[in-house]
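These are the residues of each chain, in order.
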Amino acid sequence: MSHDLFEAARDAMKFAHAPYSKFPVGAAIRADDGKVYTGANIENLSFPQGWCAEPTAIGCMIMGGGRKIVEMAVIAEKLALCPPCGGCRQKISEFADAGTKIYLCDEVGVQKTVTIAELLPFSFKTDILG
Ligand SMILES: O=c1ccn([C@H]2C[C@H](O)[C@@H](CO)O2)c(=O)[nH]1
Ligand SMILES: [Zn+2]
């Protein structure tokens, strides 16, 4: 992965609205149109109504004209890595191929690389509907 995706995720994290968890997260997608789309988590006082950084980035990608995730970086401000949660894995899967790489980052850089198939094996895919 080129450094720019890590930096884009780290920059996006600054836009997080996470006053409740105090766990800012940033995500960056390189899409099939060659552009980089970013997102941060956006929480809400009505706790279930907030959402993760990954769907913010996916929404930006779709509205910007991208259709497929080529690669993706995710970073959390705290020291721990932030593997996408279950719901995010399903959302990413909709726009990814099995081998699409997800880079789990910390403040220093990429610490672990996984594919979406590793994160979400035996998944419910769009082609199931025929
Ligand atoms: O994959 C994940 C998991 C969690 N969060 C956010 C949701 C919430 O705002 C905060 C703490 O769970 O982290 C993400 O953005 N992405
Ligand atoms: Zn999530």
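Residues numbered from 1 in each chain as written. Chains lettered and ligands numbered in written order. Predicted model: local features only at pLDDT ≥ 70, side-chain atom pairs only at ≥ 80, totals over all residues. Heavy atoms only, no water.

Draft legend 1. Inspection of the UniProt feature "binding site: Zn(2+)" (unreviewed entry) in the protein chain at higher detail. Feature annotation in UniProt places "binding site: Zn(2+)" (unreviewed entry) on C52, C85 and C88, given in this structure's numbering. In sequence the annotated residues extend across 37 residues, while in space they remain close, none of their C-alpha pairs exceeding 8.5 Å. When neighbours within four sequence positions are excluded, C52 is seen to be in contact with A40, N41, C85 and C88. Topologically, C88 is positioned in helix α3 (residues 86-94). Using a relative accessible area of 1% as the deciding quantity, one classes C88 as buried. (UniProt positions renumbered as here; feature names shortened; annotations may be inferred. Contact = heavy atoms within 4.5 Å. Helix = DSSP H or I, 4+ residues; strand = E, 2+ residues; numbered from the N terminus. Buried < 20%, exposed > 50% of the residue type's maximum accessible area, 1.4 Å probe, protein only.)

Draft legend 2. Seen up close, the sheet that holds strand β5 (residues 110-115). Read across the sheet, 5 strands follow the order β2-β1-β3-β4-β5 without closing on themselves; strand pairing throughout is mixed. Either end of the sheet is taken by a strand with one partner, and the two such strands are β2 (36-40) and β5. If you compare each strand with its neighbour and ignore which way they point, the axes differ by 20° on average. Both strand β3 (residues 69-76) and strand β4 (residues 101-105) contribute to a ladder of 5 bridges, which runs parallel. Across the sheet, residue I75 finds its bridge partner in β4, namely C105. Where helix α1 (residues 3-13) meets the sheet, it contacts β1 (25-31), β2, β3 and β4, and its direction lies at approximately 140° from that of β1. (Pairing = 2+ DSSP bridges. Axes fitted to C-alpha atoms, helices over the stretch in contact; angles between N-to-C directions.)

Draft legend 3. Fine view of the pattern of salt bridges. If you walk through the whole model with that rule in mind, you get 4 salt bridges. A salt bridge links R30 to D4; the shortest N-O distance between them is 3.1 Å. Placement of R30 in strand β1 and of D4 in helix α1 is noted, with a sequence separation of 26 residues between them. Residue classification places R30 among the buried residues on the basis of a relative accessible area of 16%. Taking the relative accessible area as the measure of exposure, D4 reaches 33% and is therefore partly exposed. A salt bridge links D11 to K14; the nearest nitrogen and oxygen atoms lie 3.2 Å apart. Its relative accessible area of 36% is what places D11 among the partly exposed residues. When salt bridges that share partners are traced, they join D4, R30 and E71 into one network. (Salt bridge = Lys/Arg side-chain N within 4 Å of Asp/Glu carboxyl O.)

Draft legend 4. Focus on the site of ligand 1. Near ligand 1 the following residues occur: S21, F23, V25, N41, E43, C52, A53, E54, C82, P83, P84 and C85. The separation between an oxygen atom of ligand 1 and a polar main-chain atom of A53 is 2.8 Å. In the environment of ligand 1, an oxygen atom lies 2.8 Å from a nitrogen or oxygen atom belonging to the side chain of E54. Class assignment for the residues of the shell around ligand 1 results in 8 nonpolar, 2 polar and 2 charged. (Near = heavy atom within 4 Å. Polar contact = N/O pair within 3.5 Å; in protein donor to acceptor, adjacent residues only side chain to side chain. Nonpolar A, V, L, I, M, F, W, Y, C, P; charged D, E, K, R; others polar.)

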